[in-house]
Structures are given as structure tokens and as C-alpha cells.
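Survey of secondary and tertiary structure
Each chain is listed here by its residues.
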Amino acid sequence: MRDDFLPFSKPFIGEEEVQAVREVLLSGWITTGPVTAKFEEAFSKLVGARFAAAVSSATAGLQIALMALGVGPGDEVITTPMTFAATVNAIIYNGARPVLVDVEMGTMNIDPKRIREKLSPRTKAVMPVHFAGLPADMDAIKEVAPGIPIVEDAAHAIGASYKGSPIGYGPSPLAVFSFHPAKNITTAEGGMIVTDDPELADSCKVMRQHGMSKGAWNRFAKSGRPDYEIVSPGIKANLTDLQSAIGLEQLKRLEGFQSERHRIAGIYDRELKGVRGIMLPEYPQYPHVHGRHIYWVILKTEELGITREEFMGRLKEMNIGTGVHYKAVHHHKRYEGFGWSDLDLPNASYASSRIVSLPLFPGMTDHDAMDVVNAVKEICG
Ligand SMILES: Cc1ncc(COP(=O)(O)O)c(C=O)c1O
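Residues numbered from 1 in each chain as written. Predicted model: local features only at pLDDT ≥ 70, side-chain atom pairs only at ≥ 80, totals over all residues. Heavy atoms only, no water.

As recorded in an unreviewed UniProt entry, the protein goes by the name Putative PLP-dependent enzyme possibly involved in cell wall biogenesis, listed as coming from Thermanaerovibrio velox DSM 12556. As stated in UniProt under Sequence similarities (unreviewed entry), the record for the protein gives "Belongs to the DegT/DnrJ/EryC1 family." (UniProt positions renumbered as here; feature names shortened; annotations may be inferred.)

When its domains are assigned, the protein resolves into domain 1 (15-250) and domain 2 (254-380). One C-alpha centre belongs to domain 1, the other to domain 2; they are set 26 Å apart. On the domain 2 side, the residues contacting the 42 residues of domain 1 number 36 residues. Summed over both sides, the interface between domain 1 and domain 2 buries roughly 3300 Å², with carbon and sulfur atoms accounting for 63% of that surface. A per-residue breakdown of the area domain 1 buries against domain 2 is headed by Met105, Ala132 and Asn184, which together make up 18% of the total. The tally of links from domain 1 across to domain 2 stands at two salt bridges. Of the charged contacts in the structure, one is a salt bridge between aspartate 344 and arginine 114, with a shortest N-O distance of 3.4 Å. Here domain 1 is connected to domain 2 by 20 residue pairs in polar contact (both at pLDDT 80 or more). (Domains from an automatic or database assignment. Contact = heavy atoms within 4.5 Å. Buried area = accessible area lost by both parts, 1.4 Å probe. Salt bridge = Lys/Arg side-chain N within 4 Å of Asp/Glu carboxyl O. Polar contact = N/O pair within 3.5 Å; in protein donor to acceptor, adjacent residues only side chain to side chain.)

Side chains three or four residues apart in an α-helix point the same way, a direct result of the helix having 3.6 residues per turn. When helix H10 (residues 308-317) is considered as a whole, its buried residues turn out to be Arg308, Phe311, Met312 and Leu315. One side of H10 carries all its buried residues, which in axial view fall inside an arc of 95 degrees. Those residues of H10 that are buried lie in contact with strand S12 (295-299), helix H9 (301-304), helix H11 (346-352), strand S13 (355-358) and helix H12 (366-380). Once H10 finishes, asparagine 319 follows within two positions and takes phi at roughly 70 degrees, a positive value. (Buried < 20%, exposed > 50% of the residue type's maximum accessible area, 1.4 Å probe, protein only. Helix = DSSP H or I, 4+ residues; strand = E, 2+ residues; numbered from the N terminus. Arc of directions from axis to C-beta.)

With that out of the way, let us pick up unusual backbone geometry. Note that the residue after histidine 325, namely tyrosine 326, is joined by a cis bond; omega there is 5 degrees. Topologically, tyrosine 326 is positioned in the loop between H10 and H11. Positioned with a positive phi, alanine 132 is a non-glycine residue whose angle comes to about 65 degrees. Along the chain, the position of alanine 132 falls in the loop between strand S4 (123-127) and helix H5 (138-144). Judged by relative accessible area, alanine 132 falls into the buried class, the value being 1%.

Counting through the fold element by element, asparagine 109 comes out in the loop between strand S3 (97-100) and S4. Separated by 2.8 Å, the side chain of asparagine 109 and the backbone nitrogen of phenylalanine 131 make a polar contact. Engagement of the side chain of asparagine 109 in a polar contact is seen with the backbone oxygen of leucine 134, the distance being 2.9 Å. Once you skip the residues sitting within four places of it in the chain, asparagine 109 turns out to touch Val103, Glu104, Val129, His130, Phe131, Leu134, Pro135 and Ala136.

What follows is about the UniProt feature "modified residue: N6-(pyridoxal phosphate)lysine" (unreviewed entry) in the protein. The feature "modified residue: N6-(pyridoxal phosphate)lysine" (unreviewed entry), as given by UniProt, occupies Lys183 in the numbering adopted here. Relative to the helices and strands, lysine 183 is located in the loop between strand S8 (174-178) and strand S9 (191-195). With residues up to four places along the chain from it excluded, the contact list for lysine 183 reads Ala155, His156, Ser178, Arg261 and His293.

Moving on, we come to the sheet that holds S3. Spatially, the three strands line up as an open sheet ordered S3-S2-S4, and their pairing is parallel. Across the chains shown, the open sheet's two edge strands, defined by having one partner strand only, are S3 and S4. Neighbour-to-neighbour, the strand axes of this sheet turn through a mean angle of 30 degrees, independent of strand direction. In this structure, strand S2 (residues 76-79) lies alongside S3, joined through four bridges in parallel fashion. Looking at S3, one finds that valine 77 is bridged to proline 98. Against the sheet, helix H4 (residues 85-93) touches S2, S3 and S4, its axis set at about 140 degrees to S3. (Pairing = 2+ DSSP bridges. Axes fitted to C-alpha atoms, helices over the stretch in contact; angles between N-to-C directions.)

Relative orientation of the contacting elements H10 and H12 amounts to 130 degrees, with a least axis distance of 10 Å. What the angle tells us is that H10 and H12 run oblique. Read as a crossing pair, H10 and H12 show a hand that is right-handed. The residues of H12 that touch H10, namely those facing Phe311, Arg314 and Leu315, are Ala375, Val376, Ile379 and Cys380. (Parallel < 35°, antiparallel > 145°, perpendicular 65-115°, else oblique. Left-handed = near helix turned anticlockwise from the far one by under 90°.)

Let us look at a negative patch on the surface. Together, Asp196, Asp197, Glu199 and Asp202 line one region of the surface with negative charge. Of note, aspartate 202 is situated in helix H6 (residues 198-207). By relative accessible area, which is 52% here, aspartate 202 ends up exposed. (Patch = residues over 30% accessible without salt bridge, like charges linked within 9 Å, V, L, I, M, F, W, Y side chains within 5 Å. Areas by Shrake-Rupley, 256 points an atom, 1.4 Å probe, with all protein chains shown as cover. Lys, Arg positive; Asp, Glu negative; His and termini not counted. Charge placed at Lys NZ, Arg CZ, Asp CG, Glu CD.)

Right, let's talk about the environment of methionine 67 for a bit. Position of methionine 67 relative to the elements: it lies in helix H3 (residues 58-68). Residue class for methionine 67 comes out buried when judged on its relative accessible area of 13%. Not counting chain neighbours up to four residues away, the residues in contact with methionine 67 comprise Asn94, Met207, Pro233, Gly234 and Ile235.

Structure follows, in C-alpha cells:
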């Protein structure tokens, strides 16, 4: 057994981040301003999008992205049940109705073949999640929902690419990333909306700050003017320069982070293959680079004779942390009454009580990964 506890995830923060925050703290300007503008520029370059709007979380970013598309009461947005509550909540916060489409068992991504049956005249957007960092099949989604805007929940997909283009590089109107501490890079909390459309980019920047015609930097800096007008709906969801300073440093580390994530996931792929009672992720045929945000497995609990909770408890006794991504949306108490049924969502319903995420973060050693592999093998016999 390991001597020390191996967490499921851990952010990497170095001296450079500390120094960058210190500089902003002492600069006299700590909220959204020039450092955030720099972070937006660097991020948009990274993903090849024309514009980026930094926000306080991906949840807020998804809410704003839908707001910018004019999604509101009476509208429907198609999404997946295998996601964090944030995805459906962003739809609900706009007064619209989430419509769930089941996932493919091998990838946990939304099944494009099943989208068509859920389209209606009220469908205003499709919101796929690139689950665990694996790019959803965007071409197939577009083919079944022609002309319907796609808002990509790219919370897991920093560093991922689809058919040669980074996630966030058109042609969806909008994609939203997360910088929560468990994500591939962090700003403590935060998110980024990217788009190629100048009008949507303007709307997102206005909507992240109450619908104000100008942000604080444009009002209080010497070059700005203090007057403003509320010109649209909006929420309070700007990202501060303090957080953006962390983000700029994290971006410099991204390539290294990603190669560590790929190395650890490669060990799991190789060493867990064929282990009794475990279903491993599958990878699609289309060209892609996995974002490697999460490494999940599905436990065949009937074959193993233990529940997921018992499995996780055994790993914890062996000093290994785990995560659950996710208890399917329709299994949460909050959404009883939304009319969602296990029969309609069989794959997500199956995975909901059987899926487990294994430790995966930069700084993990091959030895750490092999501790996880050996522990899983011991439990599964
Ligand atoms: C798929 C997905 N979407 C959205 C979010 C929300 O991200 P944030 O915590 O930045 O609001 C998360 C966060 O875990 C997520 O996993």
C-alpha cells in the first residue's frame, strides 16, 4: 500500500504564478483589465479563435453563450446527461428547457444518431460536452442538426483537437472552457468563451458585466470615461486580472501538462486492458487529440460483485483517491419532474452508478500510475 494519499486531481501552481499574482496585487488594478485582455488574446491564439471573453466560470460562460444566441423561455437546448449539472443549469438559468440525448457507451459523448429524434421547432441550440477531453463528433452533430447553433461545453477540452483543429477553433459559433482547479489549467476559478463572430464576442463581453456598455477598465482608467449604459441582459461574471495572471502562467505550462496527462493515460490504457469487470474508454476513428482531462472506467458491478462506492472505498483504503464523472443529470433529485427517463437514456443510466475516474494530473509519476493499476487489479481479482 502507498504511504501517502494519491488524490484524484491536483492543480500545479509554481513560483511564476505566485509572482504574477503579486505583481498584479501591487499594480493598483486587480479586477478585469489589461492582464485579462492579454489572457484573452493568448487563449484565443491557442485555440485559433478570433475572439475570447474571460468569465468567472464555465458555468457563467455557458449561460452567457446561450444568452448571446438569444436562447430564452419556450426554447429547447439539446445536451447530454453525462455532464456536470452546470451544463443543464446554464440552459435552465436562461429560462429554456434542456432536452437530453443519450451518450455512446464507448466514449460517453452525446450520440449524434439520437439527436434527430429530439429536434423540434423549439430547438435553439445543441450543447455537446467533449467528455473527459475526448472531442465529440462535431461533423456528425452538424449533419443531424443543420443550421442549429452549437455551443460546445469544452470545460474538459483544453489541449484537445478534432480533425486537425483545436477545440474552440470554429466552426461552432461558441465554445466555453473551464479553469476550475481540477481542469487542465486553472485560474482558481474561471472560464473562457471563444468565438469567431465579432457580434457574439461583443455580446458576451457586455453580458458578463450586467449588460453594461463598458467594463470598469474602460470607465476608470485615465483613457476611459466614467459614463455607461445598460444595453442588454447580463450577469456579473467577469474574470479578475489576479486570476488572469495565473492563467497566463498556466498557459505557458500547458504543453508540458498535456504530455504528462497523455503519459499517465497511456499507462492506464495499456495496463488495465483485459482486467476483469472493467470497461475502458474507447477512442473514435476520426482524427483527434484527446484532452486527457479525466481517465474514467466503467465497473461491471454485477460481474465484480461490488458497488462503485465499495470499489472507491477499497481504493481509498489503499491511499488512492477517485472521482465520479458523473452521476447522470437525470438521476439528481433537483431534476425529478423534468420528465427524463432511464428507458430513454439507457447508456447514461448504466454508467451513472458504475463510472469512476482514476487519478490523473501533472506531477503524477509512472510509479503512482502503477500503484493505481495494481490496486484496481487487486480489487477486480
Ligand atoms: C462538463 C462541464 N461543464 C461545465 C462545468 C462548469 O465549470 P466551472 O466550474 O468552471 O463553472 C464543468 C465543471 O466541472 C464541467 O465538468
